[in-house]
Amino acid sequence: MKTDVGQIPEETGKRLGQCIISGLREYLKQPGAREALDARTKARNERRKAGCGNT
């Protein structure tokens, strides 16, 4: 599925962004969440450096 984000009204985009940030803050309150997120980010960056695509 592809979404043309240019078609999303500005106010809707702002509300969506606020919801995403709020959810991330709640997630990071869980024990070990920050470490898990850091590990996933590190693994993704290593895959990119290895040339395995954009995942």
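Residues numbered from 1 in each chain as written. Predicted model: local features only at pLDDT ≥ 70, side-chain atom pairs only at ≥ 80, totals over all residues. Heavy atoms only, no water.

1. Brief notes about the overall build of the chain
Then step 1. The helix and strand inventory of the chain stands at two helices and zero strands.
Then step 2. What you see for the chain is a C-alpha radius of gyration of 15 Å, clearly larger than the 10 Å of a compact globule of 55 residues, by over 25%.
Then step 3. The principal-axis extent of the C-alpha atoms belonging to the chain is close to 35 × 30 × 15 Å.
Then step 4. Per-residue burial for the chain yields a buried fraction of 2% across its 55 residues.
Then step 5. Within the structure as shown, the chain displays about 5200 Å² of accessible surface, and the carbon and sulfur contribution to it stands at 55%. (Helix = DSSP H or I, 4+ residues; strand = E, 2+ residues; numbered from the N terminus. Rg over C-alpha atoms; globule rule 2.2 N^0.38 Å. Buried < 20%, exposed > 50% of the residue type's maximum accessible area, 1.4 Å probe, protein only. Areas by Shrake-Rupley, 256 points an atom, 1.4 Å probe, with all protein chains shown as cover.)

2. With respect to the pattern of salt bridges
Two side chains carrying opposite charge are able to pair once their charged atoms lie near each other.
Then step 1. Taken as a whole and judged by the stated rule, the model has two salt bridges.
Then step 2. For the salt bridge of Glu10 with Lys14, the shortest nitrogen-to-oxygen distance reads 3.4 Å. Here Glu10 pairs with Lys14, and both are found in helix α1 (residues 10–28), just four residues apart, close to one helical turn.
Then step 3. Since its relative accessible area comes to 60%, Glu10 is described here as exposed.
Then step 4. For Glu26, the salt bridge is made with Lys29, and the minimal N-O distance between the two is 3.0 Å.
Then step 5. The class of Glu26 is partly exposed, set by a relative accessible area of 45%. (Salt bridge = Lys/Arg side-chain N within 4 Å of Asp/Glu carboxyl O.)

3. Description of the environment of Lys14
Then step 1. For Lys14, a relative accessible area of 45% translates into the label partly exposed.
Then step 2. When the C-alpha atoms of Lys14 and Arg25 are compared, they prove to be 17 Å apart, with eleven residues separating the residues in sequence.

4. Points about the packing of α1 against helix α2 (residues 33–49)
Then step 1. As a packed pair, α1 and α2 sit with axes 8 Å apart at the nearest point and diverge in direction by 115°. One way to sum up the angle between α1 and α2 is to call them roughly perpendicular. Contacts between α1 and α2 pair Leu24, Tyr27 and Leu28 from the former with Ala33, Arg34, Ala36 and Leu37 from the latter. (Axes fitted to C-alpha atoms, helices over the stretch in contact; angles between N-to-C directions. Parallel < 35°, antiparallel > 145°, perpendicular 65-115°, else oblique. Contact = heavy atoms within 4.5 Å.)

5. Here's the deal with the environment of Gly23
Then step 1. Relative to the helices and strands, Gly23 is located in helix α1.
Then step 2. A C-alpha to C-alpha distance of 20 Å links Gly23 and Val5, two positions 18 residues apart in sequence.

These values are about where atoms sit, not about what they do.
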